[in-house]
Amino acid sequence: MKDTFTLKFRGVRGSYPVAKKEFLEFGGNTSSLEINCFNQLIILDCGTGIIDIGDKLINDSISKPLVQSNIFLSHIHQDHIQGLQFYKPLFVKDAKINLFGFPPDGENLEDLFETILFDKVFPLKLSEIKSNFKINNVAQNEIVVINQNGSTKIYNTKDSILINEDDIVVSFYKTELHPKYGSLCIKIQYKTKTLVYATDIEFIKGKDEGFIDFAKNCDVLISDAQYTNSDYNNPKNPKYGFGHSTFEMAIDVADLTNAKKLFFFHYDPYYDDNKLKNLQTSFENDRILFAKENLEIEI
Ligand SMILES: [Zn+2]
Ligand SMILES: [Zn+2]
C-alpha cells in the first residue's frame, strides 16, 4: 500500500543498554526506530536497537533485494550511535546506506566517525566498509526529500523545493537543551501524516518555543521522558541540566504542540518493567502511550 507509514520501536532505552531479565518487557536496547513509508526505510538513531533492524533486512534479502537505509541521527552521544558498527548491511557489498546527522562544532561527521567508531576502536576503517555508505552533514535550515525510488536530496529551506505526492520530507529543529552540543529533533512528513522525534531534550517551559512551532499538530510525538518528577527534583541528586525530560514535561509539550499521540521514550536505564508498568497506570490513556521495544504502530 502506497500510504503505508509505520513505526516500530527497536530500542527505547536512554544512556546505555541494559541486559537484565527485569527489563525484557519494555526492552534494554538503546535508541533506534524503524520507520517504513511505502518503499522507503527510515531509521532514527543507531543505538543498539538498530542491530535487529539490520538482521531482519539481511534475512529478508534472501528472497528480495536488500533495501536502502536512510538513517537520521538526533546527535552523536554514545547511546545513539553504538549500534552502527554492528548494523549488518554496512558489510554487504553495494548495499546503499545514507546517513544524515549534524557534526558538533562545525566538524565533518565522516571524519569524526572514523575516529570515534572505526579505525582505532574497531577492526575496520571507514574506507574498508564494503557497502555504499554515505555520511551527510545536515543542519536545521535544511530538509531532506526522499522519493520512492530511493533518491535523496538535501535542500536549503530557502530553496524552492518540488515535492511529489509520494515523497517523504524530513526536516529538523536543533535544540540546545541538551549538553553540550544540542540535539536534532526530526520531523517526517509522508502523505497526510507527520511524526516528530524529539529525544535528548530537556523541555523547560518557555525555553524552546521554536520547537512548539516545529512540532505543531503532529500526529505522533516521540518524546524524551527519562525521569520521574521525583528523580528529576531529588535534592540529593537533581537532574536539572542533564538534558532530559520528565514524563510531565513530555505531556506539557504534547499539549502545547497539540500532538495527537505522545509516546514516552528514552527511559532511564534504572527503570525496570515494574517501575514503568506502575508509571503506565498513572499516565497511560488513548493519547499518551509508553514506547516498548518491538511495538509497531501505523501513523
Ligand atoms: Zn540519549
Ligand atoms: Zn544525548
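Just so it is clear, the structure is predicted and the values come from calculations on it, not from any experiment. (Residues numbered from 1 in each chain as written. Chains lettered and ligands numbered in written order. Predicted model: local features only at pLDDT ≥ 70, side-chain atom pairs only at ≥ 80, totals over all residues. Heavy atoms only, no water.)

The pairing of strands in a sheet comes from backbone hydrogen bonds and takes either a parallel or an antiparallel form. Read from one edge of the open sheet, eight strands run β8-β7-β9-β10-β11-β12-β13-β14, paired in mixed fashion. Looking along the sheet, the strands with just one partner apiece sit at the ends: β8 (152–156) and β14 (288–290). On average, adjacent strands in this sheet sit at an angle of 20° to one another, irrespective of strand direction. Here strand β7 (residues 142–146) pairs with β8 via five bridges, running antiparallel. Among the inter-strand pairings, Val 145 is bridged to a residue of β8, identified as Lys 153. Here helix α5 (residues 247–257) sits on the sheet in contact with β12 (220–224), β13 (261–265) and β14, set at roughly 155° to β13. Here helix α6 (residues 273–283) sits on the sheet in contact with β13 and β14, set at roughly 175° to β14. (Pairing = 2+ DSSP bridges. Helix = DSSP H or I, 4+ residues; strand = E, 2+ residues; numbered from the N terminus. Axes fitted to C-alpha atoms, helices over the stretch in contact; angles between N-to-C directions. Contact = heavy atoms within 4.5 Å.)

The coordination sphere of the zinc ion (ligand 1) contains the protein donors Asp 79 (OD), His 80 (NE2), Asp 200 (OD) and His 266 (NE2), at a distance range of 2.1 to 2.3 Å. One way to put it: the four donor atoms around the zinc ion (ligand 1) meet at angles of 92 to 160°, and that makes the site irregular. One chain supplies every donor to the zinc ion (ligand 1), and in sequence these donors are spaced D-H-x119-D-x65-H. If you look at the zinc ion (ligand 1) and the zinc ion (ligand 2), they sit 3.6 Å from each other and are both ligated by Asp 200. Here Asp 200 lies in the loop between β11 (193–198) and α3 (209–215) and His 80 lies in the loop between β4 (69–72) and β5 (96–101), a separation of 120 residues in the sequence. With respect to class, His 80 is no different from Asp 200; both count as buried. (Donors = N, O, S within 2.8 Å, 3.2 Å for Na, K, Ca; no water. Tetrahedral: all angles 85-135°; square planar, octahedral: opposite > 155°, others 65-115°. Buried < 20%, exposed > 50% of the residue type's maximum accessible area, 1.4 Å probe, protein only.)

As a further point, take the side chain of His 80. Judged by its relative accessible area of 0%, His 80 is buried. Among the polar contacts listed, one links the side chain of His 80 to the side chain of Asp 45, at a separation of 2.8 Å. Apart from residues no more than four positions distant in its own chain, His 80 is found in contact with Ser 31, Asp 45, Cys 46, Gly 47, Leu 73, Ser 74, His 75, Tyr 197, Thr 199, Asp 200 and His 266. (Polar contact = N/O pair within 3.5 Å; in protein donor to acceptor, adjacent residues only side chain to side chain.)

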